[in-house]
Amino acid sequence: MGLTKLQKRIGFIGAGQMAEALARGFISKGVVEASSMIATDPVAARREVFESFDVKAVSTNLEVVKESDIVFVAVKPQYVGPVLKEVRGHLTDKHTIVSIAAGKTLSSLKEAAGDDVRIVRVMPNTPCLVGETASAMCLGGQANDEDAETVRTLFSAVGRIVQVDEKMLSAVTGLSGSGPAYAFLVIEALADGGVKAGLPRDISMALAAQTVLGSAKMVLETGKHPGLLKDMVTSPGGTTIAGYHELEKGGVRASLINAVVAATNRADEIS
Ligand code: NAD
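Conventions and cut-offs
Residues numbered from 1 in each chain as written. Predicted model: local features only at pLDDT ≥ 70, side-chain atom pairs only at ≥ 80, totals over all residues. Heavy atoms only, no water. Salt bridge = Lys/Arg side-chain N within 4 Å of Asp/Glu carboxyl O. Helix = DSSP H or I, 4+ residues; strand = E, 2+ residues; numbered from the N terminus. Buried < 20%, exposed > 50% of the residue type's maximum accessible area, 1.4 Å probe, protein only. Axes fitted to C-alpha atoms, helices over the stretch in contact; angles between N-to-C directions. Parallel < 35°, antiparallel > 145°, perpendicular 65-115°, else oblique. Contact = heavy atoms within 4.5 Å. Nonpolar A, V, L, I, M, F, W, Y, C, P; charged D, E, K, R; others polar. Phe/Tyr/Trp six-rings, centres within 6.5 Å; stacked < 30°, edge-to-face > 60°. Core = buried A, V, L, I, M, F, W, Y, C linked by side-chain atoms within 4.5 Å.

Draft legend 1. Seen up close, the pattern of salt bridges. On inspection of all chains with the given rule, the structure shows 14 salt bridges. The shortest N-O distance in the salt bridge between Glu67 and Lys56 comes to 2.9 Å. Of this pair, Glu67 sits in helix α3 (residues 61–67) while Lys56 sits in strand β3 (residues 56–58), placing them eleven residues apart in sequence. For Lys56, a relative accessible area of 40% corresponds to the partly exposed category. Its salt-bridge partner being Arg201, residue Asp192 comes within 2.7 Å of it at the nearest N-O pair. For Asp192, a relative accessible area of 35% corresponds to the partly exposed category. One salt-bridge network, in which partners are shared between bridges, spans Glu20, Arg24 and Arg46.

Draft legend 2. How the structure looks around the packing of helix α1 (residues 17–28) against helix α2 (residues 44–52). Running from N to C, α1 and α2 cross one another at 5°; their axes reach a closest spacing of 11 Å. With respect to α2, the element α1 is oriented roughly parallel. Each of Gln17, Ala19, Glu20, Ala23 and Arg24 in α1 lies in contact with α2, whose residues at this interface are Arg46, Val49, Phe50 and Ser52. Looking at the contact of α1 with α2 residue by residue, the class counts come to four nonpolar, two polar and three charged.

Draft legend 3. Examining the packing of aromatic side chains more closely. Evaluation of the coordinates by the stated rule reveals six aromatic pairs. The interplanar angle of 50° and the centroid separation of 6.1 Å between the aromatic rings of Phe72 and Phe155 together place this pair among those described as tilted. Placement of Phe72 in strand β4 (residues 70–73) and of Phe155 in helix α6 (residues 145–156) is noted, with a sequence separation of 83 residues between them. The exposure class of Phe155 is buried, given its relative accessible area of 0%. Among the aromatic residues, ring-to-ring pairing joins Phe12, Phe26, Phe50, Phe53, Phe72 and Phe155 into one connected group.

Draft legend 4. Local environment of the nonpolar core. Counting 35 residues, the largest nonpolar core has Phe12, Phe26, Phe50, Phe72, Leu154 and Phe155 as its most contacted members. Here the element with the most residues in this core is α1; it accounts for five residues. Ignoring any residue separated from it by four or fewer positions in sequence, one finds Leu154 in contact with Leu6, Ile10, Phe26, Val31, Val32, Ile70 and Phe72. Counting residues in hydrophobic clusters, the runner-up holds 27 residues, among them Val58, Val87, Leu109 and Met123.

Function cannot be read off these values alone, since they describe shape.
Here is the structure:
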């Protein structure tokens, strides 16, 4: 829907869950052709997954570097340094390195990849798997506005992405990185409430999940403050204000704030 088709070749070092979610998203939204992508993984089964949706899969990381302009480093954090050191002699000014590894700082990426390399660090989240990621990126090394635009185009195909200073990435991790777990808890608890009130489990779960999805869409699409949207659905002496009062008594608002801050602090500790 109005997305730019990217005239660049995309490579994935590590063809795991996140790489697959990204590659499938790019193809399904038409932002990159399958024939413009290549992936590498030591595990044959992972290469077969990529081949199953027509992306060339190879077993050496160098081949990916040679055949791509944008190189996604999508291995587990502990392998990022070794992988970048392995390929650094083959990185040229055509390459943009995009690391999605949790906790790997721009300075550690630069140290492993080399001083002249253009590096973008992205913190995605799991709804990437369904084309609804909330991601953040920061630029490092020699990365420029064109690199930012390229990454923005790619991630806009699988959700949303914002650009932040690296010092904010721990807070991003605490909010959107860890946030799906908080939203799952809310959905599960709402569904439990429906069951307690007499609904069958499957119906209750579907209503709870769709209610959270629809409410999120209303915030994003109307641009209205959630407090205003809440006021619009709470009629005087009605059902919603009765339920809402219980949430306030239970300290839900403070719990969510504390959850984001605790996860942010933990991200700082481990990065
Ligand atoms: P994953 O284990 O599914 O994928 C990693 C893949 O890398 C595996 O298939 C593995 O075989 C392959 N691999 C291992 N060593 C390799 C090497 N030397 N060269 C090439 N490939 C190699 O992991 P994932 O969940 O896709 O996570 C990938 C990255 O994304 C991690 O760094 C993680 O921090 C980051 N991330 C993941 C999530 C998430 O929710 N899954 C969210 C944010 C960030």
